[in-house]
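Residue-level listing of the chains:
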Amino acid sequence: MDRRAVVVVLDSFGLGATPDADRYGDAGACTLGHIAEWCVQQGEPLNLPHLSRLGLPQAAHAASMRWPAGLLVRAHPEGAYGAARETSLGKDTPSGHWELMGCPVPFDWGYFPRASQMGESVFPAEHLRRWLQACGLEGSLGNEHASGTEIIERLGDEHVRTGWPICYTSSDSVFQIAAHEVHFGLDRLYAICEQAKVIFDELNIARVIARPFVDAPAGSSQRYRRTGNRHDYTTPPPGQTLLDVLQAAGREVHGVGKIRDIFAGRGITHHHAADGNEALSEATLVALQQCAPGGLVFANLVDFDMLYGHRRDVAGYAQALRAFDAFLPTLLTALREGDLLVLSADHGCDPTWPGSDHTREHVPVLFGGPACPRGIDLGVRGSFADVGQTLARHLGVPDLPHGQAAW
């Protein structure tokens, strides 16, 4: 089996609200479309020539019925292009990734309420008490819905003074714990996250995330900065994924970035750690060089979501897209005969949208590489799982229970 596959998730790169987006408060959201409009308003159109060559504008039009402002539209794209909508019930990272690999989530996760009485925790008092007691902690700070960078900046000094961890959540099914790597300790942070996962599993919370931070460099506009030592403690997928199938068949699965954490380590044979989109892109090239025939390289580029989507940084998101577009020819050149590349996303995170949470959107499905049929319009796929099914066919393993192959 000389064929290989490469999946790159541009985390949160949505193409327009799904038909059910109103249920999530996201009707009208459009990550790419609104970024492109903003760039035109600034007099610097969002020029993504290599993504356009694969059919990104056509995919965006299929999803939103609008052409992204300022993007070059090629009459005959070289890739196979389309969009997909999610059948899983959330708009969270694990569900999106699992469905891409053929395992939709048919149930709803547990979530923490957005509103609480002044001064009250959004986390159930008994679960929070048990967790603090198990960890030998006297208390916790925050205990609210918040942006991670904002709450660390706001409560970081009090955390250092008291030794209490900063706890917060979002519209995702997640319990996030931030602590200073030096004053609190990284290993200690990981340990209390492991305790939290056991306790909050009772509420069907998908993830507990360790969010370490340190003092920001002198002269920085911020007091603290998060580090690359984040760790996600994730509930395993509820069913078989393409990663499981490949591993069972003796194939290699190279996870780049937070892929291993998202799948709770399941189905991953090689892990490539890196921090930031540039380093993650380089790690993807290394994984591709190492991946044996018949294998899969699966990468997540988290900065789109973590640094720009959640922080509602339109300019930063636009620049990150331009940087990835400039990297794309290098990735395509690294592919061998028989290789198939797919670019997609796990949800949206419109940086122009109110709040700081994900948005329920279509995601791109852009295929390229030597094994990709040229110029195929894939339309709007009914499930992210069509990506996994297409890759299963390409790699010559049994069909997955969910999804329809694109060709």
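Refer to the structure printed above.
Residues numbered from 1 in each chain as written. Predicted model: local features only at pLDDT ≥ 70, side-chain atom pairs only at ≥ 80, totals over all residues. Heavy atoms only, no water.

J.: Please give an account of empty space enclosed by the protein that cites residues and values.
T.: If you roll a probe as big as a water molecule over the atoms, it shows you where there is empty space left. Under the criterion given, the structure shown has three cavities of 30 Å³ or more. Looking at the largest cavity, its volume works out to about 250 Å³. Along the wall of the largest cavity there are 24 residues; nearest its centre are Ser170, Gln176, Arg211, Asp305 and His310. At the level of elements, α6 (148–162), β6 (174–180), β7 (207–215) and α11 (303–309) are the ones that each hand at least two residues to the lining of the largest cavity. Sorting elements by how many residues they give to the lining of the largest cavity places β7 first, with three residues. Residue composition of the lining of the largest cavity, grouped by class: six nonpolar, nine polar and nine charged. Computed from the structure, the second largest cavity encloses a volume of approximately 40 Å³. For the lining of the second largest cavity, the secondary structure elements donating two or more residues are β14 (361–368), β15 (376–381) and α13 (385–395). For the lining of the second largest cavity, the leading source of residues is α13, giving three residues. Each residue belonging to the lining of the second largest cavity can be placed in one class, and the counts come to seven nonpolar, two polar and two charged. (1 Å grid on protein atoms, 1.4 Å probe; cavity = no way out; pocket = protein on both sides within 12 Å on 5 of 7 lines; lining within 4 Å. Points joined across faces, edges and corners; volume = space filled by probe spheres on them. Helix = DSSP H or I, 4+ residues; strand = E, 2+ residues; numbered from the N terminus. Nonpolar A, V, L, I, M, F, W, Y, C, P; charged D, E, K, R; others polar.)

J.: Describe the packing of helix α1 (residues 31–41) against helix α12 (residues 314–334), naming the residues involved and giving the relevant values.
T.: Following both chains from N to C, one finds α1 and α12 inclined at 100°, their axes separated by 10 Å at the closest point. Taken as axis vectors, α1 and α12 run roughly perpendicular relative to one another. Contacts from Thr31, Ile35, Trp38 and Cys39 of α1 reach α12 at Val314, Ala315, Tyr317, Ala318, Leu321 and Arg322. Class assignment for the residues of the contact of α1 with α12 results in eight nonpolar, one polar and one charged. (Axes fitted to C-alpha atoms, helices over the stretch in contact; angles between N-to-C directions. Parallel < 35°, antiparallel > 145°, perpendicular 65-115°, else oblique. Contact = heavy atoms within 4.5 Å.)

J.: So what about unusual backbone geometry? Which residues, and what values?
T.: For Asn204, which is not glycine, the phi torsion reads 60° and is therefore positive. By the secondary structure assignment, Asn204 is in the loop between α7 (181–200) and β7. The exposure class of Asn204 is partly exposed, given its relative accessible area of 33%. Positioned with a positive phi, Ala264 is a non-glycine residue whose angle comes to about 55°. (Buried < 20%, exposed > 50% of the residue type's maximum accessible area, 1.4 Å probe, protein only.)

J.: How would you explain the nonpolar core if you had to name every residue and give the values?
T.: In this structure, Leu46, Met101, Leu296, Phe324, Leu343, Phe367 and Leu391 are the most contacted members of the largest nonpolar core, which totals 86 residues. Each residue touching Leu296, except ones within four places of it in the same chain, is listed here: Ala5, Val6, Val7, Met101, Leu242, Leu243, Leu246, Glu252, Val253, His254, Cys291 and Leu391. Judged by nonpolar contacts, the second largest core, of 23 residues, contains Leu128, Trp131, Phe175 and Ile192. (Core = buried A, V, L, I, M, F, W, Y, C linked by side-chain atoms within 4.5 Å.)

J.: So what about α13? Which residues, and what values?
T.: Across the 11 residues of α13, 10 count as buried, placing the element largely inside the fold. Those residues of α13 that sit buried are Ala385, Asp386, Val387, Gly388, Gln389, Thr390, Leu391, Ala392, His394 and Leu395. Two residues or fewer past α13, Gly396 is found with a positive phi of approximately 70°.

J.: Lay out the pairing of strand β5 (residues 166–169) in plain terms, naming residues and giving numbers.
T.: By the alternation rule, side chains of β5 split into Ile166 and Tyr168 and Cys167 and Thr169, which are all buried. With four bridges connecting them, strand β4 (residues 141–145) and β5 associate as parallel partners. The residue bridging Gly142 from the neighbouring strand is Cys167, located in β5. The handedness of the β4 to β5 crossover, carried by α6, is right-handed. Pairing geometry for β5 and β6, over three bridges, is antiparallel. (Pairing = 2+ DSSP bridges. Right-handed = clockwise from strand over helix to strand, strands pointing away.)

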